[in-house]
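Read off the chains here:
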Amino acid sequence: MQPVHYHIAPLDASAHLFEVHCTIANPDAYGQRFRVPTWVPGSYLIREFARHFVAVTARSDGEPVPIVKDGKDSWQAAPCAGRLTVTAHVHAYDLSVRTVYLDPTRAYFNGSSVFLSPVGREADACTVNIDPAFVSQSRGARVATAMRRDGAPPWGVGRYAAANYDELIDHPIEIGDFVTAAFVAGNVAHDVAITGARDVDLDRLGADLARICQWQCDLFGGRPKSAAPFDRYLFLVTAVGDGYGGLEHRASTSLVCKRDQLPRPGETTLGDDYLTFLGLASHEYFHSWNVKRIKPAAFVPYDLSREGLTRQLWAFEGITSYYDDLALVRSGVIAADRYLELVGRTLTGVLRTPGRHVQSVADASFDAWIKHYRQDENSANAGISYYTKGSLVALALDLTLRMHGSSLDVLMRELWHRFGGTGIGVPEGEIGRASSSLAGEDLSDFFARHVDGVEDPPLETLLRSHGVSLRLRTSEGPRDRGGKPGASTKPPSTWLGARWAATGELQLASVFRDAPASRAGMSAHDVIVAVDGFKANADTLIATLARSAPGTRIGIDAFRRDVLMHFDVTLDAAPADTAFLALDEKADDGILQRRVAWLGA
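Here is a short report on the structure shown in this document. (Residues numbered from 1 in each chain as written. Predicted model: local features only at pLDDT ≥ 70, side-chain atom pairs only at ≥ 80, totals over all residues. Heavy atoms only, no water.)

## Structural notes on the pairing of strand β15 (residues 173-176)
The test is simple: Remark: exposure states derive from per-residue accessible area (1.4 Å probe, protein chains only) relative to the maximum for the residue type, with buried under 20%, exposed over 50%, and partly exposed in between. Only runs of H or I of at least four residues qualify as helices and only runs of E of at least two qualify as strands under DSSP, and these elements are numbered from the N terminus. Being paired, for any two strands, means DSSP has found at least two bridges between them.
Here β15 shows no split at all, with I173 and I175 on one side and E174 and G176 on the other all buried. The pairing of strand β10 (residues 106-109) with β15 spans 3 bridges and is antiparallel. Within β15, the position partnered with F109 by the bridge is I173. Note that strand β13 (residues 142-144) and β15 share 3 bridges and pair antiparallel. Looking at the pairing, A144 lines up with E174 of β15.

See the structure below:
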């Protein structure tokens, strides 16, 4: 069988249109069908990429062939005898890591958004020709991808190759004028290509990433002669004014970050912005093992035409979220106290989400397709993130296993050796069974309470047993809008039980169930205009909460749509839901040894 061949070119960069050809030498004699994925692995939402296909036509040996759309994501070509080429015009104007972007200066695409798949030919080898027009229209443009380019160095236009369609769409491609850094980890070359920023300390960035990546390679071991499960790895970074996100792939990752999150020449401190970027890069790199090669059984093989339902995303995303920051301290990039600060922030966010008492992380995993990526005003009351609470469950599981002479490290290596790249997915419930085996004790109660149930893991006790103290106190800032500093420097002693957006009008974004605002009858999207008869804004509301005692009754006037309403709100004491973790300097030697084994510091 000859490879399925693709050719991609800019049709009209100013109009953000790609032209993509798919050619097969021997189409189905009864008429070849084509399909485009409805979702991209790593982002669990049906995104309907077919909606960006503006036109689809077909020709065989130069003659037109009828082709009709016969489903939301599929096209049927009429029977033909010769080579069949299907041409698609695809609109590309999404700056996220999930889809496609094109303008006269830059092109970026995930194959799942642009490459039609000939049905029945998914296992065939593929080639892709990247048209020279991409670089001729933009001075200094190069190509960045981890896809193989046979017989030629990377960074150039021309022909690339993939073993099959699954591999083809797992190599995002960036074309533009970018700066690069390089380092070695796990005995293989790693490259970083940064678009949108040039004032970057590339040496420092490469050195920090090398330490993080090497630690992860060492954690898993790997294959003979290499601790990395790939021959080359690529970080594709798009720097923007304000943005954040990442998507993992088998030998690369696409990241979007703020320019301020990248290190600048001359800077020596590690600020929160750069730390956030390193945590993001660490997270996506860890996915090279956990989800790209150790997969839930529901993802083996991927069916990109419908949801891949699994109750295990808490492990594949939550465990990865636990290790992304843990890798920073284990590799020596940050100190232990800085790591504990990060854990405290995560715990605070979870404690401030009442939905954790309603939805388990297993249920959150299963419902990811309809809830996690579709947040609304009631999400905080109805659900929990399998990323954040999942990372806390992973922390609790790690410390529990360590109390039994094992660790989450050992569990991850076991999963790697049993399931990594084998074509066999991790069955539902297997992580619980494997944990019990490693602990030498039945841990089914742990999983029943904290994974399938909604009970908070006993972090205070577990952390104390590893030389870390945990205490909760009220927020030092206006917690109702995320703890960001306000005009008042005094911590609010009471709370409204709502979150609001302080841009322009004072509109409630969400109202927590069984809290003062909800008991008074207030709802999300209400716009507060007065408190106790005086004109209100965010700062005056915060000041009212700061000077009021629990039990104080205040009058709030607010518009609900275009109707003015009055509410009498009885304020509650501000809850103690801000977590602070610290190293226990009075811990005995046995506990200190446990802490060193856990944090590596």
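Next, the rest of the story.
## A closer look at the sheet that holds strand β1 (residues 4-12)
Pairing is mixed across the open sheet formed by 7 strands, whose spatial order is β5-β4-β8-β2-β1-β12-β14. Edge positions in the sheet fall to β5 (63-64) and β14 (158-162), since each has one partner strand and no second. As judged from the 5 bridges shared by strand β12 (residues 126-130) and β14, these two strands associate in the antiparallel manner. Among the inter-strand pairings, I130 is bridged to a residue of β14, identified as G158.

## Focus: the packing of helix α4 (residues 202-220) against helix α5 (residues 272-286)
Helices that pack against each other are described as a pair by the angle of their axes relative to one another and the distance between those axes. To be explicit about the condition: Between N-to-C directions, angles span 0 to 180 degrees; the directions come from axes that are lines fitted to C-alpha atoms, helices contributing only their stretch in contact. In a left-handed crossing the near helix is turned counterclockwise from the far helix by less than a right angle, and in a right-handed crossing that turn is clockwise. In what follows, a contact means two residues having at least one pair of non-hydrogen atoms within 4.5 Å. Residues are sorted three ways: Asp, Glu, Lys and Arg are charged, Ala, Val, Leu, Ile, Met, Phe, Trp, Tyr, Cys and Pro are nonpolar, and all the rest, Gly among them, are polar.
α5 packs onto α4 with a crossing angle of 35 degrees between their chain directions and a minimal axis gap of 10 Å. Crossing of α4 over α5 shows right-handed handedness. Contacts from R204, L205, D208, L209, I212, C213, Q216, C217, L219 and F220 in α4 reach Y274, F277, L278, A281, S282, Y285 and F286 in α5. Looking at the contact of α4 with α5 residue by residue, the classes come out as 13 nonpolar, 2 polar and 2 charged.

## Concerning the nonpolar core
In plain terms, the rule: Only buried residues count toward a nonpolar core. Its members are Ala, Val, Leu, Ile, Met, Phe, Trp, Tyr and Cys residues joined through side-chain atoms within 4.5 Å.
In terms of nonpolar packing, the biggest core is built from 165 residues, with F18, F235, W314, Y323, Y339 and W598 touching the most fellow members. The element that contributes the greatest number of residues to this core is helix α6 (residues 313-330), accounting for 11 residues. Discounting chain neighbours no more than four positions away, the residues touching W314 are I319, V361, A362, S365, Y386, G390, V393, I431, F447 and V451. In terms of nonpolar packing, the next biggest core, distinct from the first, is built from 21 residues, W500, M522, L545 and F567 among them.

## Some words on the packing of aromatic side chains
Worth spelling out the cut-off: Two aromatic rings, drawn from Phe, Tyr or Trp (for Trp, its six-membered ring), form a pair once their centres lie within 6.5 Å of each other, and the interplanar angle then sorts them: stacked below 30 degrees, edge-to-face above 60, tilted otherwise. Only when the NZ of Lys or the CZ of Arg is both within 6 Å of the ring centre and within 35 degrees of the ring normal is a charge said to sit over the ring.
Going through the model one piece at a time under the given rule, you end up with 33 aromatic pairs. Ring centres of Y44 and F299 lie 5.6 Å apart, and the angle between their planes is 20 degrees; this geometry places the pair in the stacked category. Of the two residues, Y44 sits in the loop between β3 (33-35) and β4 (53-60) while F299 sits in the loop between α5 and α6, which places them 255 residues apart along the sequence. Per residue, the accessibility class of Y44 equals that of F299, and both read buried. Among the aromatic residues, those joined into a cluster by ring pairs are F183, W215, F220, F230, Y233, F235, Y285, F286, W289, Y322, Y323 and W416. A cation over a ring is seen here: R47 above Y373, with NZ or CZ 5.5 Å from the ring centre. Directly above the ring of F580 sits R473, whose terminal nitrogen or CZ lies 3.8 Å from the centroid.

## Some remarks on the pattern of salt bridges
Counted only if it meets this: Within this document, salt bridges are pairs made up of a side-chain nitrogen of Lys or Arg and a carboxyl oxygen of Asp or Glu, the two lying within 4 Å of each other.
Counted by the stated rule, this structure contains 35 salt bridges. For D452, the salt bridge identified is with R311, shortest N-O distance 3.8 Å. Residue D452 is located in the loop between α13 (444-450) and α14 (459-464), and its partner R311 is located in the loop between α5 and α6; the two are separated by 141 residues in the primary sequence. What makes D452 partly exposed here is its relative accessible area of 46%. Here the salt bridges do not stand alone but share partners, grouping D166, D170, R250 and K292 into one network.

## Concerning the environment of A88
Summarising the element assignment, A88 is placed in strand β8 (residues 84-91). Note on A88: relative accessible area 1%, which makes it buried. In the structure, A88 is positioned 462 residues away from P550 in sequence and 63 Å away in space, judged by C-alpha atoms. Residues contacting A88, with those up to four places away along its chain left out, are F18, E19, V20, F53, A55, V56 and L116.

## So, the pairing of β1
Of all 9 residues that make up β1, 7 are buried, and the element is covered over most of its length. Bridge analysis of β1 against β12 gives 5 bridges, and the strand direction is parallel. Note that in β12 the partner of I8 across the bridge is I130. When β1 meets strand β2 (residues 17-24), the two strands line up antiparallel, connected through 7 bridges. Residue H7 lies in a different strand from β2, and its bridge partner there is H21. Between β1 and β2, which pair antiparallel one after the other, the connecting turn spans 4 residues, and H16 there sits at a positive phi close to 65 degrees.

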